[in-house]
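Residues per chain, in single letters:
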Amino acid sequence: MKRHQNLLMMLAVIVLVAVPLWMVKKPAPGPDGTEVEIFRGADDQAKDVIATLAPGYRPWFKPLMEPPSGEIGSLLFALQAALGAGFIGYYLGVSVTRSRLRREHNKEAQC
Amino acid sequence: MHIMEGFLPVKHAIGWSIASAPFVVFGLHSINKRIKEKPEQRMLLGVAAAFTFVLSALKMPSVTGSCSHPTGTGLGAVLFGPAAMAPIGAVVLLFQAILLAHGGITTLGANIFSMAVVGPFAAAAIYRTAKTARLPFGLSIFLAASLGDLLTYVTTSAQLALAFPDPAGGFTASFVKFATVFALTQIPLAISEGFLTVIVLNALARFNPQELQEMNVVTAREVQG
């Protein structure tokens, strides 16, 4: 039952990510022919809201280091996710083996 | 929820840094104490940190047509208590601020406050409440993780609304505008985070029942169930 439940939850996550991809349609290019961007970062959009609320505001500090290109940026994000996922996978692997060995050990002790 | 570098006025940047600092210091203290008492929990603490690393790196599309990312702080807040998540969140945010120009040094305090203080504290409080109300384990975790995630983004919206009130409508009108960008986008992502947290905790409860019982996360009855 539990495994069934986990599978359903994984499916739900995939659906939640996939649905917006086909639900949100790219609007037609504006009158000046500029393409409308979709699926931009919400952080970026907040910057636009700030620009409408306080048109005179200028950021007073620049990032110390910026990834030289989008590719490098996604490399670093992938690295971040890979490190985390790798560690979780390692720990779960260790835990699964340990609990199996413990079970086998208990069984032998009973014999 | 990352407020970009330089996008908070100086006073706000300093104010939020002062507000976050004690949580980070107290969190470090509580982590140190726990590791000294129970060194075997070190790996599990690593899992909580790793979960935040993974989830905050995943930028997922939302029905609003923009992208955002979950926070992953609910898992650690349930396992180790909310205080432990402040330094962990701070490390993740610092990594992204320095290497990725995502968030920033000047906005670090504000970002720590939303992601590593409000989110985890909300998650832990919701989890305790749900347990007291005798809700099932999975549902309690789901509510804690997803609402903690959502409240992080509500906090970011409030922080920006405080810094940039609407010329006509003041704080409230500005908050609605930022919340439309952040909180609305976040709803499906928060649900995803809830599910992912339950999946990981189900696995931990199955293969590490003793550790979780010692940490008062699950009861013996729930492990067998």
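Draft legend 1. Main features of the overall build of chain A. For chain A, the count of helices and strands is three helices and one strand. For chain A, the sequential pattern of α-helices and β-strands runs α-β-α-α. On C-alpha atoms alone, chain A measures out to a radius of gyration of 24 Å, which is more than a quarter above the 13 Å that the 2.2 N^0.38 rule sets for 111 residues. Expressed as lengths along the three principal axes of its C-alpha atoms, the size of chain A is roughly 80 × 35 × 25 Å.

Draft legend 2. Representation of helix H3 (residues 73–80) of chain B in the model. Residue and element names in this part refer to chain B. For H3, the tally of buried residues reaches eight of eight residues, placing the bulk of the element in the interior. On its buried side, H3 packs onto helix H2 (42–57), helix H4 (85–100), helix H5 (108–132), helix H6 (137–163) and helix H8 (183–207). With its phi angle positive at about 90°, Gly81 sits one or two positions after the end of H3.

Draft legend 3. How the structure looks around the interface of chain A and chain B. Taken residue by residue, the interface counts 49 residues in chain A and 51 residues in chain B. Sorting the residues of the side of chain A that touches chain B by element identifies helix H1 (2–23), strand E1 (40–41), helix H2 (42–53) and helix H3 (70–110) of chain A as the ones contributing at least two each. When residues of the side of chain A that touches chain B are assigned to their parent elements, the largest contribution, 15 residues, is made by H3(A). With two bridges joining them, E1(A) and strand E2 (residues 66–68) of chain B adopt parallel strand pairing. The residue bridging A:Gly41 from the neighbouring strand is B:Cys67, located in E2(B).

Draft legend 4. Main features of the sheet that holds E2(B). Within the open sheet, the three strands sit side by side as E1(A)-E2(B)-E1(B). Their pairing is mixed. The sheet terminates laterally at E1 of chain A together with strand E1 (60–61) of chain B, the two strands that pair on one side only. Helix-sheet contacts for H8(B) involve E1 and E2 of chain B, and the interaxial angle to E2(B) is about 45°.

Draft legend 5. Structural view of the nonpolar core. Residue and element names in this part refer to chain B. Residues Ala48, Phe51, Val78, Ala86, Ile112, Ala123 and Ile141 are the most contacted members of the largest nonpolar core, which totals 88 residues. It is H5 that provides the largest number of residues to this core, a total of 14 residues. Contacts of Ile112, omitting those with residues within four sequence positions, involve Ser20, Val24, Ala86, Gly89, Ala90, Leu93 and Val117.

Cut-off values and rules
- Residues numbered from 1 in each chain as written.
- Chains lettered and ligands numbered in written order.
- Predicted model: local features only at pLDDT ≥ 70, side-chain atom pairs only at ≥ 80, totals over all residues.
- Helix = DSSP H or I, 4+ residues; strand = E, 2+ residues; numbered from the N terminus.
- Rg over C-alpha atoms; globule rule 2.2 N^0.38 Å.
- Buried ≥ 20, exposed ≤ 12 C-beta atoms within 10 Å, placed from the backbone.
- Contact = placed C-beta atoms within 7 Å.
- Pairing = 2+ DSSP bridges.
- Axes fitted to C-alpha atoms, helices over the stretch in contact; angles between N-to-C directions.
- Core = buried A, V, L, I, M, F, W, Y, C linked by C-beta atoms within 7 Å.

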